[in-house]
Amino acid sequence: MDVPAEVFLCRQSKTLKRAGEPFFRGTYNIGLRKGDDALKAEVDAGIDKIIRDGTLEQILRKWSLWTTLKRNLQTQMRRVRPLIPPMS
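The model shown is predicted, which means the values in this text are computed figures rather than measured ones.

The rules behind these values
Residues numbered from 1 in each chain as written. Predicted model: local features only at pLDDT ≥ 70, side-chain atom pairs only at ≥ 80, totals over all residues. Heavy atoms only, no water. Patch = residues over 30% accessible without salt bridge, like charges linked within 9 Å, V, L, I, M, F, W, Y side chains within 5 Å. Areas by Shrake-Rupley, 256 points an atom, 1.4 Å probe, with all protein chains shown as cover. Salt bridge = Lys/Arg side-chain N within 4 Å of Asp/Glu carboxyl O. Helix = DSSP H or I, 4+ residues; strand = E, 2+ residues; numbered from the N terminus. Buried < 20%, exposed > 50% of the residue type's maximum accessible area, 1.4 Å probe, protein only.

Caption draft 1: Expanded view of a nonpolar patch on the surface. A contiguous nonpolar patch, built from Ile30, Leu32, Leu39 and Ile47 and spanning about 310 Å² of accessible area, is present on the exposed surface. Structurally, the position occupied by Ile30 is in the loop between α1 (3-12) and α2 (37-52).

Right, here's the structure in full:
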């Protein structure tokens, strides 16, 4: 089940329970116009920034969406040099 939907629905229900921790790494996707490389660079830089500064973790924790898999992904991102320069 999609984790955000699962968390939301389980909070609203007295009978539904979470199935357990996710066992497969899911991704969030953003659709952009083909060839809009400038916007893609800005979006990538923004995502990179919130991963590296901990904002993404704070958001996901607030909504009970932070998992071991996401922590591992964030740890990997912090080890890798960004492919694009940060936004100024």
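Still more ground to cover, so stick around.
Caption draft 2: View of the pattern of salt bridges. Using the criterion set out here, one finds 5 salt bridges in the structure. The partner of Asp48 in a salt bridge is Arg52, and the shortest N-O contact between them spans 2.8 Å. Of this pair, Asp48 and Arg52 both sit in helix α2, 4 residues apart, which is roughly one turn of that helix. Note on Asp48: relative accessible area 13%, which makes it buried. Lys49 is the partner of Asp53 in a salt bridge, and the nearest nitrogen-oxygen pair spans 3.0 Å. Judged by relative accessible area, Asp53 falls into the partly exposed class, the value being 41%.

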